[in-house]
Each structure stands twice: as structure tokens, then as C-alpha cells.
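Residues per chain, in single letters:
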2 protein chains.
Amino acid sequence: MTYFDEAITSSLDGNVATAQTHPKYANMVGPFGGITAATVAHAIGTHPQAQGRIAALTVNFIAPLRDGAYTLDLTCVQTNNSNQHWTVTGQQGEAGTTTSPLTATALLVTERGQLRSSEVPFPAVPAADQLQPAVGPRELEWTNNYQMRFVEGGYDAVMAGPREDTRSTYWLRHTDERPWDYASLIAACDSFFPRSFLRAGTPLPAGTITMTTYVSADVATLEATGPDILCTAHAQFFGSGLHDQSAHLWSHTGELLAVSHQLVYSKL
Amino acid sequence: MTYFDEAITSSLDGNVATAQTHPKYANMVGPFGGITAATVAHAIGTHPQAQGRIAALTVNFIAPLRDGAYTLDLTCVQTNNSNQHWTVTGQQGEAGTTTSPLTATALLVTERGQLRSSEVPFPAVPAADQLQPAVGPRELEWTNNYQMRFVEGGYDAVMAGPREDTRSTYWLRHTDERPWDYASLIAACDSFFPRSFLRAGTPLPAGTITMTTYVSADVATLEATGPDILCTAHAQFFGSGLHDQSAHLWSHTGELLAVSHQLVYSKL
């Protein structure tokens, strides 16, 4: 069992899934947000009422998870012909002193329709094997689970000073070459360092407040995806102490797998 | 009082806001989704615990609202230093037979930070007064509340046959010239007809399943916005009987007001 699969594991009792933070996915404060989002998506999938695959997930990061156990209260709000709506409330702490570190809503869909296409062009990039894995901030434990081969906007770009173009593009691989599935794709959507680092030319306190991911890949597309997926993201706006991040994830053959947006707290 | 303000009105009793569908905002089935989203945002703002202005809103459209009253159960999950998280559950029907037509999560923020800028360029477009308002499908009652001055991708483009570029760009004005504020900006994010119409070259059954909007405008920016805002959107992917829509809304002076994403059910 990979660290990733260990980290997203939860046990279900009725509508309550109990998960655990995992030391291999620790971030600066609390766990890597991507692993929390993946844990939510995975937990819904383990529920006996779950029908279909994840198509949309919004996770609101309300307070840092503390190391240890937390619960996810899963509510299947409605099952329609081809889709199913869920709400999720996270809880952590002892009775009487619980806090809600996260809320989420999710959409599952069963496959239908004929057309499968994308309107955004696959970026012109070198193949993954022509690039070296970046050496990132290894004190962030979660980053050791990934190899990132930057095409643009890597850690060196942060250190080169402030810039107005905050795009990062990299090939992403699980260090242990775990295959890509829905849970790991959701996590990958949060694998970018904050866009404010590039804007400011230095790391600054920052954290994802809310992230919404739409998954375009069907099961066959995901299963045909090799070890490396292409991830690209940029900020569209900075303001009110926030910035957004708009991300696209692609298979190595240029199929769009997911689009993801997040709003980030930043010190700019 | 404008039709828009009538339509978003709700009365609060404890944590439950009671709203009404409005005949002037009727869509094909149920009300225009934008007015429902605006009603949610507005209801949160009327709650005595509300602190700050809306920065993020996700609305999940689970089942069509029927004409008449519905309630919004508002929960303030947590107030942090500069932001506040809310969850919302819609209910409609008599006791014992209620359904949940929508769920939502919202983020309010208080203004902070220094930097205000945008990384996406304002499109090169003619001024609003150089364009004629489009004559749309006036049987959709809600569309009569808006004037749309199309730059590209209008109703004529739908009728010209299938196309791979699904972008629409138009200047949007309230027919009664009501000023723009947070609620009306949220509604405007859903003012696009489904991108599948352009892709198919014909109107087809379609409906928004989930919409997430991030509002970049602070109060001063919104108050300085004239009667016309520029709206542009395109689909990024079609697949699994779904497509997405990525939208940007701008002031007439080229300030980015909001970015919005939605996932749409389509017959493609």
C-alpha cells in the first residue's frame, strides 16, 4: 500500500468516515490540502449509496487540521438520473470542543453522452523524460511524494524576483509511480505552490481557502494515463489579501483530465 | 424597488431565510439560476453574524425550484480573522415531503492587503454604445431583465451551425439600469446561455449543476462600475454528458470583477 493510499484511507460507520492525518503528507501547518480533498473524494466513494465517479468537488479549508483523527460526516442529498449530490462536514476534537476544519460539496456522475473534447490547447512542452525533477522545499514532507519536472515557473523562478506572470507548468509523477486515479488527480490539483510566491519573488505565508475541481476524465482516460501528468496554473487576480489560481491537468497524450480553481489567502 | 431586488428578497427568522421565486425571473424550468445564487448571497448578507463581503460562492443546483416559497438554512461555520465560512441548505415543500433543491457554501472576507491587479488582459472590444442590444429568446422571462450587447458568440452564432469555439462576449446591462453590486454580479455570472448551444449549433436541453464564483472586486471597484459590465465565457471541455464554462466579468474600465466556473448538464 502506497503512502498516498494510506493517507486517504478512512473507515465508515453509518454516514461518518473517520480518517487520519498522515505524517508523509504533512505541510507547513496541518496536512497538504490536496490529500485532505482526496480523502473527502475517496470517503464518498466508499459509501454504499455512492453512484458514479467524482465530477465536481468543492472543499472549503476552514481551519488547519491538527495531527490525528478527524471525521467526515457524509450526506447524500439527492440521486438524480445521472448524477448525485453530496455534502460533507469535517469534525475534529473531543465531544464539546469539536471544530469544523472543513466543509465540502461533491457531485458524482454516471457516464453518458457522446462528445468528448477540449477547447483549451495542450501546451507546447518538452516530454517529461527530457526534464530533471526539481529539488523543492524538502522540509515540506508532502512534496517528497511527488516528482515535479518544471517547464516554467519553478522554485528558481520564485528566487529570481517578483514577476507579473505567475504561471507554473510541470510534469507531475508520484515518486513511487503510483498510477493516477480520481483521488490522486484531485490531490494533484493542489500540488502548485502559491502563485503569490512568484508574484512576490519570495515565499510568503499563504494558504488555500477554497478549491473547486471539475474532473473531465472518464475512467478509460484515467487508466490510459502514464506516470506523468502535465499540470499548469496561473493566478487571474490579486486583491483583498486573496488571489485565485486557475489550473489545468492533462494526460501525457494531451487529454484534459481536470480543471481546478482555488482562492488563496496571501500576504500581498 | 427593482424586479431584481424584489426577486432576491428573503425574510430571516433565526438562521432560516424564506425567499420566493419571482415571475420576472422565470427560466425554462424553475427560476434563472443566477437569481437563486444571488438570493443565497443576499440572504447571508442579511444575517446578523455576517461579516465582510462575498468573495466565494458555490451553489449546487440539485433539483428545479418550484414556483413559490423556499427556505435557506444558513449556518455560519466559522469566523476567522479576515474571513467567514457559511454553508446553506435550501428546502422546499410541506413538512414530510420537503426536497433540497440546492446546497451552497460561501466565503465572506473583510478587505485587507495592498496589491490589486489582474493577470488576464481585458479583451479588445467595441464600447457598449457602439453595439445594439440582442433580441434573445424572449419567452425566457428572466432575459427581459437584461440587455446583452454581443461582441461575439450571440444567438445568431448559435443558429449559424456547430462550432468548436464556444466563446461568447457581451456587454451586460440591467434593463432598468439598476447598479451593479455583489448580488447582481453573482447573478450575471450565470447570464450566459449554455456553451453547448454554440457547440451543437442549436439549443439543446441543458442546465447548470454547480457554479463557483470568486469575486475579485472590492466595494469601491463595484461602486465605480457603470451600467455595462463585460462578460466573456467559453467551455474548456465537453465529456460524460457535461461541459464546463469558464467566465470573466469586467468593469467598463477593464477591472476584473469576478471569475466564475460552472458544470453544465448537456445532451451532447
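Small disclaimer: the values here were computed from a predicted structure and weren't measured.

Participant: What is the right way to look at the overall build of chain A in this model?
Facilitator: Tallying secondary structure elements over chain A gives six helices and 14 strands in all. Whereas a compact globule of 268 residues would reach a radius of gyration of roughly 18 Å, chain A reaches 18 Å, a difference of no more than 12%. For chain A, the spread of C-alpha atoms along the principal axes amounts to about 50 × 50 × 35 Å. Per-residue burial over chain A gives 58% buried out of 268 residues. Of the contacts made within chain A by residues no fewer than 6 positions apart, 68% connect residues no fewer than 24 positions apart. Accessible area of chain A: about 10,100 Å², with a carbon and sulfur share of 52%. Positive and negative charge centroids in chain A, built from 14 and 24 side chains respectively, lie 5 Å apart.

Participant: What's the story with the relation of the copies chain A and chain B in this structure? I'm lost.
Facilitator: Here the two chain copies are tied together by a rotation about an axis and a shift along that axis. When chain A is fitted to chain B, the residual RMSD is 0.0 Å, and the transformation amounts to a turn of 180° plus an axial shift of 0.0 Å. One copy is carried onto the other by what is essentially a two-fold rotation axis. Looking at the interface residues of chain A, 100% of them are also at the interface in chain B, so both copies use one shared face.

Participant: I tried to follow the pattern of salt bridges on my own but got confused; where do I start?
Facilitator: In a structure, side chains of opposite charge can pair up when their charged atoms sit close to one another. Within the structure shown, the criterion is met by 18 salt bridges over all chains. In this structure, the salt-bridge partner of Lys24(A) is Glu141(A), at a minimum N-O distance of 3.9 Å. Of the two residues, Lys24(A) sits in the loop between strand S2 (16-20) and helix H2 (33-46) while Glu141(A) sits in the loop between strand S7 (117-118) and strand S8 (146-152), which places them 117 residues apart along the sequence. Residue Glu141(A) is classed as partly exposed on the basis of its relative accessible area of 28%. For Arg173(B), the salt bridge goes to Glu177(B), with nearest N and O atoms at 3.4 Å. On the basis of relative accessible area, Arg173(B) is assigned to the buried category, the value being 15%. One network of salt bridges, with partners in common, ties together Arg53(A), Glu111(A), Arg116(A) and Asp218(A).

Participant: Could you clarify how one ought to interpret the interface of chain A and chain B in this entry?
Facilitator: Many analyses report the size of an interface as the accessible area lost when the parts associate. Taken residue by residue, the interface counts 62 residues in chain A and 62 residues in chain B. Buried surface at the junction of chain A and chain B, summed over both partners, amounts to about 4,800 Å²; 55% is from carbon and sulfur atoms. Three residues, Arg112(A), Glu119(A) and Tyr214(A), lead the burial of chain A against chain B; their summed loss comes to 16% of the area buried on that side. One can count zero salt bridges joining chain A with chain B. Applying the counting criterion to the chain A and chain B interface returns 32 residue pairs in polar contact (both at pLDDT 80 or more). Examining the composition of the side of chain A that touches chain B, we find that seven residues originate from one element, strand S14 (residues 256-266) of chain A, more than from any other. By residue class, the composition of the side of chain A that touches chain B is 22 nonpolar, 28 polar and twelve charged.

Participant: Explain helix H2 (residues 33-46) of chain B here, please?
Facilitator: All names here are of chain B. If you check H2, its first and last C-alpha atoms are 20 Å apart, about what 14 residues at 1.5 Å a residue would give, namely 20 Å. In terms of residue burial, H2 counts as a mostly covered element, since eleven of its 14 residues are buried. All of the buried residues in H2 are Gly33, Gly34, Ile35, Thr36, Ala37, Ala38, Thr39, Val40, Ala41, Ala43 and Ile44.

Participant: I tried to follow the packing of aromatic side chains on my own but got confused; where do I start?
Facilitator: We describe a pair of aromatic rings using the distance from one ring centre to the other and the angle between the two ring planes. Summed over the entire model, instances satisfying the criterion amount to 24 aromatic pairs over all chains. Ring plane angle 80° and centroid distance 5.4 Å describe the contact between Phe122(A) and Trp250(A), whose orientation is recorded as edge-to-face. Taken together, the residues Phe122(A) in the loop between S7 and S8 and Trp250(A) in strand S13 (residues 242-250) connect sequence positions 128 residues apart. Phe122(A) gets classed as partly exposed once you look at its relative accessible area, which sits at 29%. The exposure class of Trp250(A) is buried, given its relative accessible area of 2%. Three or more aromatic residues joined by ring pairs make a cluster, and in this case those are Phe150(A), Tyr155(A), Tyr170(A), Phe192(A), Phe193(A) and Phe197(A). A cation over an aromatic ring shows up here: Arg199(A) above the ring of Phe238(A), its NZ or CZ 5.4 Å from the ring centre. If you follow Arg195(B) out to its NZ or CZ, it ends over the ring of Phe193(B), 5.0 Å from the centre.

Participant: Explain the side chain of Gln245(B) to me, please; I cannot follow it from the model alone.
Facilitator: As for its placement among the helices and strands, Gln245(B) is situated in strand S13 (residues 242-250). Non-local contacts of Gln245(B), meaning those with residues more than four positions away in its chain, are made with Cys189(B), Phe192(B), Phe193(B), Arg195(B), Ala233(B), His234(B), Ala235(B), Ser260(B), His261(B) and Gln262(B).

Participant: What is the right way to look at unusual backbone geometry in this model?
Facilitator: Comment: phi is negative for the bulk of residues other than glycine, and the bulk of peptide bonds are trans. Backbone geometry places Ser240(A), a non-glycine residue, at a positive phi of 60°. With respect to the helices, strands and loops of the structure, Ser240(A) is situated in the loop between strand S12 (237-239) and S13. Given the relative accessible area of 2%, Ser240(A) is considered buried. Notably, Glu177(B) is not glycine yet its phi reads approximately 60°, a positive angle. By the element assignment, Glu177(B) lies in the loop between strand S9 (168-174) and helix H4 (182-188).

Participant: I would appreciate a short explanation of the side chain of Arg53(A) in the present structure.
Facilitator: Among the structural elements, Arg53(A) can be located in strand S3 (residues 53-61). Take Arg53(A): its relative accessible area is 8%, and that puts it in the buried class. In terms of polar contacts, Arg53(A) uses its side chain to reach the side chain of Ser240(B), at 2.7 Å. Beyond its immediate stretch of four places on either side in the chain, Arg53(A) contacts Leu107(A), Leu108(A), Val109(A), Glu111(A), Tyr182(A), Val215(A), Ser216(A), Ala217(A), Asp218(A) and Ser240(B).

Participant: For this particular structure, what's the right way to read the pairing of S9(B)?
Facilitator: Moving residue by residue along a regular strand, the side chains alternate between the two faces of the sheet. Residues and elements named next belong to chain B. Counting buried positions over the seven residues of S9 gives seven, a clear majority of the element. Of the two faces of S9, the one carrying Ser168, Tyr170, Leu172 and His174 and the one carrying Thr169, Trp171 and Arg173 are both buried. As defined by bridge partners, strand S8 (residues 146-152) adjoins S9 across six bridges and the pair is classed as antiparallel. Among the inter-strand pairings, Tyr146 is bridged to a residue of S9, identified as His174.

Participant: Is there a simple way to think about the environment of Thr232(B) in this case?
Facilitator: Residue and element names in this part refer to chain B. With respect to the helices and strands, Thr232 occurs in strand S11 (residues 229-234). Each C-alpha atom, one on Thr232 and one on Leu249, is 6.6 Å from the other, the two residues being 17 residues apart in sequence. Leaving out residues up to four positions away in the same chain, Thr232 has contacts with Pro123, Arg167, Ser168, Thr169, Phe192, Ser246, Ala247, His248 and Trp250. A distance of 2.8 Å separates the side chain of Thr232 from the side chain of Arg167, its partner in a polar contact. Separated by 3.4 Å, the side chain of Thr232 and the backbone oxygen of Ser168 make a polar contact.

Conventions we followed
- Along each chain, numbering runs from 1 in the same order as the chain's sequence is written.
- The naming scheme follows written order: chains are lettered A onward, ligands numbered 1 onward.
- Residue-level local features of this predicted model are given only where pLDDT is at least 70; pairs of side-chain atoms are given and counted only at 80 or more, and the full residue set underlies all totals for whole chains, interfaces and linings.
- Hydrogen atoms and water are omitted, and side-chain values are computed over all heavy atoms in the structure.
- Numbering goes from the N terminus for both helices and strands, where a helix is a DSSP run of H or I of at least four residues and a strand is a run of E of at least two.
- Two things to know: the radius of gyration comes from C-alpha atoms, and the globule rule equals 2.2 Å times the number of residues to the power 0.38.
- Residue burial is assigned from relative accessible area. The probe radius is 1.4 Å, only protein chains are included, and a residue is buried under 20% of its type maximum, exposed over 50%, and partly exposed in between.
- Throughout, a residue-residue contact means that at least one pair of heavy atoms, one from each residue, lies within 4.5 Å.
- Only the protein chains shown count as cover for residues, and the accessible areas themselves come from Shrake-Rupley with a 1.4 Å probe.
- Within this scheme the basic residues Lys and Arg register as positive and the acidic residues Asp and Glu register as negative, but His and the chain ends are omitted.
- For this purpose, a charge sits on NZ of Lys, CZ of Arg, CG of Asp or CD of Glu.
- Copy-to-copy superposition: least squares on the C-alpha atoms, limited to residues that have pLDDT of at least 70 in both copies.
- One speaks of a salt bridge when a side-chain nitrogen belonging to Lys or Arg is within 4 Å of a carboxyl oxygen belonging to Asp or Glu.
- Each of two parts loses accessible area, computed with a 1.4 Å probe, when they are put together; buried area is these two losses added.
- Each polar contact in these results corresponds to two N or O atoms within 3.5 Å; when the atoms are within protein, one needs to be able to donate a hydrogen and the other to accept it, and residues that are neighboring in sequence are counted only if both atoms are side-chain atoms.
- In the scheme used here, Gly and all other residues not listed as nonpolar or charged are polar, with Ala, Val, Leu, Ile, Met, Phe, Trp, Tyr, Cys and Pro taken as nonpolar and Asp, Glu, Lys and Arg as charged.
- By this rule, a helix spans an expected 1.5 Å times one less than how many residues it contains.
- Under the pairing criterion, centres of Phe, Tyr and Trp rings, with the six-membered ring standing for Trp, must be within 6.5 Å; the plane angle then separates stacked pairs below 30 degrees from edge-to-face pairs above 60, leaving the rest tilted.
- Placement of a charge over a ring requires the Lys NZ or Arg CZ to be within 6 Å of the ring centre, with the centre-to-atom vector within 35 degrees of the ring normal.
- At least two bridges found by DSSP between two strands is the condition for calling them paired.

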